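# Inside the fold
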Amino acid sequence: MQNLSDVLASSTTPDALKTVLTVTTDTCVDISNALKQGSLAGILGMAGNENVQGEEQKKLDVISNDMLKEALMACPAVRAIASEEEDYIVPANTDGEYFIAFDPLDGSSNIDINAMVGTIFSIYHNTGDAPATEADFLIQGKEQVAAGYVLYGPSTMLVLTTGNGVNMFTYDPINSRFVLTHDNVQVAKETQEFAINMSNQRFWSNKIQSYVSDLVQGKEGPRDKNFNMRWVAAMVGDVHRILCRGGVFLYPWDNKDPSKAGKLRLMYEANPMAMLLEQAGGKAHTHTQRILDIQPDAIHQRVAVILGAANEVDKCLSY
Ligand code: FBP
Ligand code: AFP
């Protein structure tokens, strides 16, 4: 069976990018081990501070952020990092070639209930001869050279694209390696499941209200088939389900806080997931445009997200 290093070795991925990916995924194994200790290591609960977006940080958000930051800053190929848990971008090595944006622990509300969480990452190639600035980091998602996530579930899995399809690897703890378990993943064309936080229904636009209402009516409604609903409260879990068995995920714009274009972060969540979905034959849009075409204007920018099977995303956008 092939493992991650075999797959990278047989690809055209540049050596420096291979190193960045290896450092990232090795650190995710360390995060996975920390998560397994849970209460035993006294690492659950709140850290007692807020991140730049006003969200309370859990101890494990901070621990996993520090682990990734330390490992990537020590990697000569890394020029700068940006993290959901850092106020500003952090310049690393001026000679480095890669920018890495990450959400160190997506789905933090799941930590204390021992449910699915994950690390999401997005990598860009960008050189320069001065320390990197935030402006250097504001690159469209279509320029990503790699994107992926590590899912900490019943098993630890890595889902990765370097622009040539999507591969899934399962971590083998006996031999300390990610083993290729699903190659060239494709999103199922037919959609049976949708994922949306229904408690926000009253805040949605009329169009999203109509679309979801038609899904919920099932066989008795205009869609003439029954849909099931799933919500993991961690985008990484919902996207993983869609890659494994199809469906559509929505975190649409709503009028709960009209100053925000959406809840999810473009650089840490929407862009890497959009690249994975497109590489697997799916689609990822806001209400108005392809996510990968968005020109970011700030590192912590938020966007609306509708992603999943291509036909279903089109159907939703047609409302
Ligand atoms: P399985 O063990 O067959 O997966 O069933 C699980 C379950 O019975 C409950 O644990 C869960 O609450 C329910 O199914 C979910 O079913 P659904 O969301 O499809 O109505
Ligand atoms: P955190 O990593 O801050 O917990 O955010 C996770 C997330 O942004 C995304 O992964 C989920 O889809 C979404 O929040 C769930 O939010 P709600 O269930 O509270 O709407």
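All values derive from a computational prediction rather than experimental measurement. (Residues numbered from 1 in each chain as written. Chains lettered and ligands numbered in written order. Predicted model: local features only at pLDDT ≥ 70, side-chain atom pairs only at ≥ 80, totals over all residues.)

## As for the overall build of the protein
What counts, and what does not: The way it works is that DSSP assigns letters per residue, a run of H or I at least four long becomes a helix, a run of E at least two long becomes a strand, and they are numbered from the N terminus. Between the two quantities, the radius of gyration covers C-alpha atoms and the globule rule is 2.2 Å times the number of residues to the power 0.38. Three classes are used. A residue is buried when 20 or more other C-beta atoms lie within 10 Å of its own, exposed when 12 or fewer do, and partly exposed in between, with C-beta atoms placed from the backbone. Each residue gets a C-beta atom placed from its backbone, and two residues are in contact if those atoms lie within 7 Å.
When helices and strands are counted, the protein shows eight helices and 17 strands. Here the C-alpha radius of gyration of the protein, 19 Å, is about what a compact globule of 319 residues would show, namely 20 Å. For the protein, the C-alpha atoms occupy an extent of roughly 55 × 45 × 40 Å along the three principal directions. Within the span of the protein, comprising 319 residues, buried residues form 45% of the whole. Taking as baseline every contact in the protein between residues at least 6 positions apart, the subset at least 24 positions apart corresponds to 61%.

## Some details on the domain arrangement of the protein
Just so we agree on the cut-off: All domain edges in this entry derive from an automatic or database-based domain assignment. Three residue categories are used. Nonpolar comprises Ala, Val, Leu, Ile, Met, Phe, Trp, Tyr, Cys and Pro, charged comprises Asp, Glu, Lys and Arg, and polar comprises the others, including Gly.
Domain boundaries in the protein define domain 1 (4-182) and domain 2 (193-317). Summarising the inter-unit geometry, the C-alpha centres of domain 1 and domain 2 are found 23 Å apart. Every element with two or more residues in the side of domain 1 that touches domain 2 is listed here: strand E5 (98-106), strand E6 (117-125), helix H4 (134-137), strand E7 (144-152) and strand E8 (156-161). Here the side of domain 1 that touches domain 2 is built from residues that sort into 16 nonpolar, twelve polar and five charged.

## Re the UniProt feature "binding site: Mg(2+) 1" (unreviewed entry) in the protein
So the rule is basically this: UniProt positions are given in the numbering used here, feature names are shortened, and annotations may be inferred rather than shown by experiment.
Feature annotation in UniProt places "binding site: Mg(2+) 1" (unreviewed entry) on Glu84, Asp103 and Leu105, given in this structure's numbering. Maximum C-alpha separation among the annotated residues is 9.1 Å over a sequence range of 22 residues, consistent with a single clustered spot. Within the element layout of this structure, glutamate 84 appears in the loop between strand E3 (78-83) and strand E4 (90-91). Locating aspartate 103 in the fold gives a position in strand E5. Setting aside anything within four residues of it in sequence, one finds aspartate 103 in contact with Glu84, Thr119, Ile120, Arg265, Tyr268 and Glu269.

## With respect to helix H2 (residues 15-37)
As a reminder, the rule being used: Take the number of residues in a helix, subtract one, and multiply by 1.5 Å to get its expected span.
Spanning 23 residues, H2 covers 34 Å between terminal C-alpha atoms, matching the ideal 33 Å at 1.5 Å per step. Buried within H2 are the following residues: Val20, Leu21, Thr24, Thr25, Thr27, Cys28, Ile31, Ser32 and Leu35. Positive backbone phi, approximately 45°, marks glycine 38, located one or two places after H2.

## Some thoughts on the site of ligand 2
Selection rule: Being near a molecule or strand means, for a residue, that its C-beta atom, positioned from the backbone, comes within 6 Å of it.
Neighbouring ligand 2 are eleven residues; Asp106, Ser108, Asn197, Ala233 and Met235 lie closest to it. Looking at the shell around ligand 2 residue by residue, the classes come out as five nonpolar, four polar and two charged. Per-domain counts for the shell around ligand 2 show at least three residues from each of domain 1 (4-182) and domain 2 (193-317).

## Here we look at the pairing of strand E13 (residues 248-251)
Rule in force here: DSSP bridges decide pairing: two strands pair if at least two such bridges lie between them.
Here E13 shows no split at all, with Val248 and Leu250 on one side and Phe249 and Tyr251 on the other all buried. Sheet topology note: the strand E11 (residues 193-195)/E13 ladder contains two bridges and is parallel. Bridge assignment links alanine 195 to a residue of E13, and that residue is phenylalanine 249. One ladder, built from four bridges, connects E13 with strand E17 (residues 305-308); its direction is antiparallel.

## Thoughts on the packing of H2 against helix H3 (residues 59-73)
Quick reminder of the rule: Axis definition: a line fit to C-alpha positions, over the contact stretch in the case of helices; interaxial angles, taken between N-to-C directions, run 0 to 180 degrees. For classification purposes, an angle smaller than 35 degrees is called roughly parallel, one larger than 145 roughly antiparallel, one from 65 to 115 roughly perpendicular, and anything else oblique. We call a crossing left-handed when the near helix sits turned anticlockwise from the far one by less than a right angle, and right-handed when that turn is clockwise.
Running from amino to carboxyl end, H2 crosses H3 at an angle of 155°, the nearest separation of the two axes being 10 Å. Put simply, H2 runs roughly antiparallel to H3. With respect to the hand of their crossing, H2 and H3 are arranged in right-handed fashion. Contact residues: Val23, Thr24, Thr27, Asp30, Ile31, Ala34 and Leu35 in H2; Leu60, Ile63, Ser64, Met67, Leu68, Ala71 and Leu72 in H3. Partitioned by chemical class, the residues of the contact of H2 with H3 number ten nonpolar, three polar and one charged.

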